[in-house]
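# Structural overview
Below, each chain spelled out in residue letters.
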Amino acid sequence: MGYDEKGLEEADVSLNFGGYGDAANQLRDGIIDITVQGGGPGVPALTEVDSTRTLRLLEVPEDVMNEMDEAGYGYSTGMTIPAGTYSNQTEDVDALASWAMMIMNEAVNDHLVYEMTKQIWESVDRVQEEQPSRGAWFDPEHTFDVIENPEENIHPGALRYYEEIGAYDGGGGE
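All figures in this text were calculated on a predicted structure; none of them were measured in a lab.

With that out of the way, let us pick up the overall build of the protein chain. Along the protein chain, the regular secondary structure elements total 10 helices and 2 strands. Each helix and strand of the protein chain, ordered N terminal to C terminal, gives the series α-α-α-α-β-β-α-α-α-α-α-α. Projected onto the principal axes, the alpha-carbon positions of the protein chain cover approximately 50 × 35 × 30 Å. For the protein chain, the proportion of its 174 residues judged to be buried stands at 25%. Across the protein chain, contacts joining residues at least 24 apart in sequence account for 48% of those joining residues at least 6 apart. Put simply, the protein chain has 8 plus and 36 minus side-chain charges, and the middle of one group is 10 Å from the middle of the other.

Okay, structure coming up:
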């Protein structure tokens with residue numbers, strides 16, 4: 001968005017590259033003024049902060065989203081944090097999103113990865129029920145929105161499960 005680390009430091013802005021939990025605690029305690037966090041709408045740590053300290057979400061401008069999309073960093077630009085997700089949020093806020101993934105060593109047993117993948121997707125209703133704004137994005141069909149060459153980049157055990165449920169047809173994923 002036009003800022004670099006050196007320019008921020010020259011403007012007397014301190015940067016801290018800590019974890020989500022630490023950042024939420026520091027935000028709540030007034031130690032920091034801003035945090036960049038990942039996660040679906042209603043991030044638990046930020047929801048907790050929001051219960052005692054009003055949060056204000058900053059929208060990522062459309063031109064920045066377009067630049068990120070064109071640069072091919074792997075972010076999705078179609079994510080919206082719905083109005084009312086946080087207490088002071090009266091409008092939808094456009095945001096960047098990145099897909100969560102589980103990374104396996106290719107040597108892990110195919111059957112084990114198949115069973116893990118199956119259990120995740122067969123339990124997705126719990127996420128959808130308990131965190132609807134996050135759960136709305138949980139769909140095995142989305143797996144292939146961002147994965148190039150599934151045969152090479154998805155563990156064979158997981159790919160077997162996706163084929164079995166019809167989310168992948170063996171034809172390149174699209």
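What follows deals with the confidence of the model for the protein chain. Put simply, the protein chain has an average pLDDT of 85, and 95% of its residues get 70 or more. Highest mean pLDDT in the protein chain belongs to helix α5 (residues 110–122) (95); lowest belongs to helix α8 (residues 143–146) (70).

Now for the environment of valine 127. Residue placement: valine 127 occurs in helix α6 (residues 124–130). Along the primary structure valine 127 and phenylalanine 138 are separated by 11 residues, whereas in three dimensions their C-alpha atoms are 8.3 Å apart.

On to the side chain of glutamine 37, then. The topology assignment puts glutamine 37 in the loop between α2 (20–28) and α3 (44–50). Side-chain polar atoms of glutamine 37 contact the backbone oxygen of tyrosine 20, separated by 3.1 Å. Among the polar contacts listed, one links the side chain of glutamine 37 to the side chain of threonine 35, at a separation of 3.4 Å. Excluding residues that lie within four positions of it along the chain, glutamine 37 makes contacts with Tyr20, Ala23, Ala24, Val43 and Leu46.

What follows deals with α2. Inspection of α2 places Ala23, Ala24 and Leu27 among the buried residues, and these make up the whole buried set. Along the axis of α2, the buried positions cluster into a sector of 100°, meaning they face one direction only.

On the surface, Glu59, Glu62, Asp63, Glu67, Asp69, Glu70, Glu91, Asp92 and Asp94 cluster together into a negatively charged patch. Looking at which element gives the most residues to the negative patch, the answer is helix α4 (residues 62–71), with 5 residues.

The rules behind each value
- Numbering of residues starts from 1 in each chain and follows the order in which that chain's sequence is written.
- Only residues with pLDDT of 70 or above have their local features reported here, since the model is predicted, and side-chain atom pairs are shown and tallied only from 80 upward, although totals for entire chains, interfaces and linings are computed over all residues.
- With hydrogens and water set aside, each side-chain value is computed from the structure's full complement of heavy atoms.
- Note on conventions: DSSP H or I runs of at least 4 residues are helices, E runs of at least 2 residues are strands, and numbering of each starts at the N terminus.
- The classification of residues rests on relative accessible area computed with a 1.4 Å probe and restricted to protein chains. Under 20% of the type maximum is buried, over 50% is exposed, and intermediate values are partly exposed.
- For this analysis, residues touch if any pair of their heavy atoms sits within 4.5 Å.
- Neither His nor the chain ends contribute to the count of charged residues, in which Lys and Arg are positive and Asp and Glu negative.
- All charge positions are set by atom: Lys at NZ, Arg at CZ, Asp at CG, Glu at CD.
- What pLDDT reports is the predictor's confidence in each residue, on a scale of 0 through 100.
- Any N or O atom pair separated by 3.5 Å or less is treated as a polar contact, with the protein-specific requirement of one donor-capable and one acceptor-capable atom, and with residues adjacent in sequence counted only for side-chain atom pairs.
- Each C-beta atom gives one direction from the helix axis, and the arc is the one those directions make.
- Patch criteria: residues need more than 30% relative accessible area and no salt bridge. Like-charged residues are merged within 9 Å; nonpolar side chains of Val, Leu, Ile, Met, Phe, Trp and Tyr are merged within 5 Å.
- Here the accessible surface of atoms and residues is derived via Shrake-Rupley with a 1.4 Å probe, and residues count as covered only by protein chains that are part of the display.
- Salt bridge, as used here, is a side-chain nitrogen of Lys or Arg placed within 4 Å of a carboxyl oxygen of Asp or Glu.

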